[in-house]
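Each chain, letter by letter, is given below.
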Amino acid sequence: AQKITQTQPGMFVQEKEAVTLDCTYDTSDQSYGLFWYKQPSSGEMIFLIYQGSYDEQNATEGRYSLNFQKARKSANLVISASQLGDSAMYFCAIPGKGGYQKVTFGTGTKLQVIP
Amino acid sequence: DAGITQSPRHKVTETGTPVTLRCHQTENHRYMYWYRQDPGHGLRLIHYSYGVKDTDKGEVSDGYSVSRSKTEDFLLTLESATSSQTSVYFCAIRRGTDTEAFFGQGTRLTVV
């Protein structure tokens with residue numbers, strides 16, 4: 001079974017600075033992927049970025065990048081040049097294997113960007 | 001926007017009554033999920049479906065049942081609602097492996 005851990009319940013970052021949100025996982029699958037989602041105070045879940053374990057290069061989507069370290073089983077989200085609109089909850093998630101594809105989420109990190 | 005709709009969006013119900021939440025998709029995606037979100041717990045998987053009539057339990061399935069009789073609809077039923085089931089419920093869909101999940105807007109359920 002997959003397990004996801006987000007150890008930072010809350011974080012602060014100064015506007016325009018970079019911030020790293022931690023995510024560690026545990027899986028027995030040889031091939032897997034990792035998602036990150038953003039949930040602003042309005043409540044909707046917004047997909048940010050995905051990377052498969054077989055991808056050689058870390059994924060990047062605009063100001064978001066995924067720092068995937070398979071040996072450490074970590075897949076941290078890096079947000080560069082933080083903006084006030086980045087204040088939100090952030091969740092990482094890992095899908096299960098094969099045809100079942102059960103998706104397990106972490107408990108989330110609340111990021112607050114300070115002007 | 002992904003074609004996924006949850007209904008109702010808000011509901012207040014009494015303890016002991018049955019409640020059914022509906023998730024409807026127009027994307028013909030294979031996988032559908034029901035999560036509940038509570039402070040401090042993130043999103044916890046209740047049940048999921050990997051095809052029509054193919055469902056399985058998640059980590060918090062006690063007190064919930066699901067049905068998927070056609071691709072587009074995934075129903076979550078609370079057979080006898082309890083106050084501990086007061087939560088925000090999210091439905092999600094995925095096309096296949098290595099694809100992201102798209103979420104509905106959520107249903108806020110209050111059991112009094």
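Up top is the structure.
Remember, predicted model here, so these are calculated numbers, not experimental data. The residue numbers shown here count from 1 along each chain, following its written sequence. The lettering of chains begins at A and the numbering of ligands begins at 1, in the order of writing. Only residues with pLDDT of at least 70 get local features here, since the model is predicted, and only at 80 or more are side-chain atom pairs given and counted; chain-wide, interface and lining totals rely on the full set of residues. Heavy atoms throughout the structure, all of them, feed into the side-chain values; hydrogens and water do not.

Caption draft 1: Spotlight on the state of the cysteines. In plain terms, two cysteine sulfur atoms within 2.5 Å form what is called a disulfide here. On inspection of all chains with the given rule, the structure shows two disulfides over all chains. Covalently, A:C23 is tied to A:C92 through a disulfide, its sulfur atoms 2.2 Å apart. Between A:C23 and A:C92, the S-S torsion sits near 85 degrees, and that sign places the bridge as right-handed. Of this pair, A:C23 sits in the loop between β3 (19–21) and β4 (24–26) while A:C92 sits in strand β10 (residues 88–95), and the two are 69 residues apart along the sequence. The burial state of A:C23 is the same as that of A:C92; both residues are buried. Two residues share a disulfide in this structure: B:C23 and B:C91, whose sulfurs sit 1.9 Å from each other. Looking down the S-S bond of the B:C23 and B:C91 bridge, the torsion is -70 degrees, so its handedness is left-handed. A helix here means a DSSP run of H or I that spans at least four residues, while a strand means a run of E at least two residues long, and both kinds are numbered starting from the N terminus. Only protein chains enter the accessibility calculation, which uses a 1.4 Å probe; a residue is then buried when its area is under 20% of its type maximum, exposed when over 50%, and partly exposed in between.

Caption draft 2: Fine view of the packing of aromatic side chains. A pair of Phe, Tyr and Trp rings is counted when the ring centres sit within 6.5 Å of each other, with Trp represented by its six-membered ring. The angle between the planes then sorts it: under 30 degrees is stacked, over 60 is edge-to-face, the rest tilted. Overall, the coordinates contain 17 aromatic pairs over all chains when judged by the stated rule. Taken together, a centroid distance of 5.2 Å and an interplanar angle of 55 degrees make the contact between A:Y25 and A:Y32 tilted. Residues A:F105 and B:Y35 carry aromatic rings whose centres are separated by 5.2 Å and whose planes lie at 85 degrees to one another, so their mutual orientation is edge-to-face. Of the two residues, A:F105 sits in strand β11 (residues 103–105) while B:Y35 sits in strand β4 (residues 31–38), which places them in two different chains. Residue classification places A:F105 among the buried positions, given a relative accessible area of 7%. What makes B:Y35 buried here is its relative accessible area of 1%. Either the NZ atom of lysine or the CZ atom of arginine qualifies as a charge over a ring when it sits within 6 Å of the ring centre and within 35 degrees of the ring normal. A cation over a ring is seen here: A:R63 above A:Y64, with NZ or CZ 5.8 Å from the ring centre.

Caption draft 3: Local environment of the environment of B:G51. Of note, B:G51 is situated in strand β5 (residues 42–51). In this description, contact between two residues means that some pair of their heavy atoms is separated by no more than 4.5 Å. Apart from residues lying up to four places away in sequence, B:G51 is in contact with B:R30 and B:R68.

Caption draft 4: Representation of the interface of chain A and chain B in the model. Listed per partner, the contact involves 19 residues of chain A and 22 residues of chain B. Roughly 1700 Å² of surface becomes buried between chain A and chain B when both sides are summed, with 58% attributable to carbon and sulfur atoms. Any Lys or Arg side-chain nitrogen found within 4 Å of a carboxyl oxygen on Asp or Glu counts as a salt bridge. Applying the counting rule to chain A against chain B returns zero salt bridges. What qualifies as a polar contact is a pair of N or O atoms within 3.5 Å, subject to a donor-acceptor requirement within protein and to the restriction that residues adjacent in sequence count only when both atoms come from side chains. Counting every contact that joins chain A to chain B gives five residue pairs in polar contact (both at pLDDT 80 or more). Where the side of chain A that touches chain B is concerned, the elements lending two or more residues are β5 (33–39), β6 (46–52), β10 and β11 of chain A. Take the accessible area each of two parts loses on contact, using a 1.4 Å probe, and add the two losses: that sum is the buried area.

Caption draft 5: Up close: the pairing of strand β1 (residues 4–7) of chain B. Residues and elements named next belong to chain B. Of the two faces of β1, the one holding I4 and Q6 is buried and the one holding T5 and S7 is not buried anywhere. Strands are labelled as partners when DSSP assigns at least two bridges between them. Relative to strand β3 (residues 19–25), β1 runs antiparallel, the two being bridged by four bridges. Looking at the pairing, T5 lines up with H24 of β3.

Caption draft 6: Layout of the nonpolar core. What makes a nonpolar core is a set of buried Ala, Val, Leu, Ile, Met, Phe, Trp, Tyr and Cys residues whose side-chain atoms join them at distances within 4.5 Å. Grouped together as the largest cluster of nonpolar side chains are 25 residues, with contacts concentrated most on A:L34, A:W36, A:L77, A:Y90 and A:L111. Those elements that provide at least two residues to this core are β2 (10–14), β3, β5, β6, β8 (64–69), β9 (74–79), β10 and β12 (109–114) of chain A. The element contributing the most residues to this core is β10(A), with four residues. Once residues lying within four places of it in the same chain are set aside, the contact partners of A:L77 are A:V19, A:T20, A:L21, A:W36, A:L48, A:I49, A:Y64, A:S65 and A:Y90. A:A93, B:Y33, B:Y50 and B:F90 belong to the second-largest nonpolar core, a separate cluster that totals 20 residues.

Function-wise, these values are silent; they only describe arrangement.
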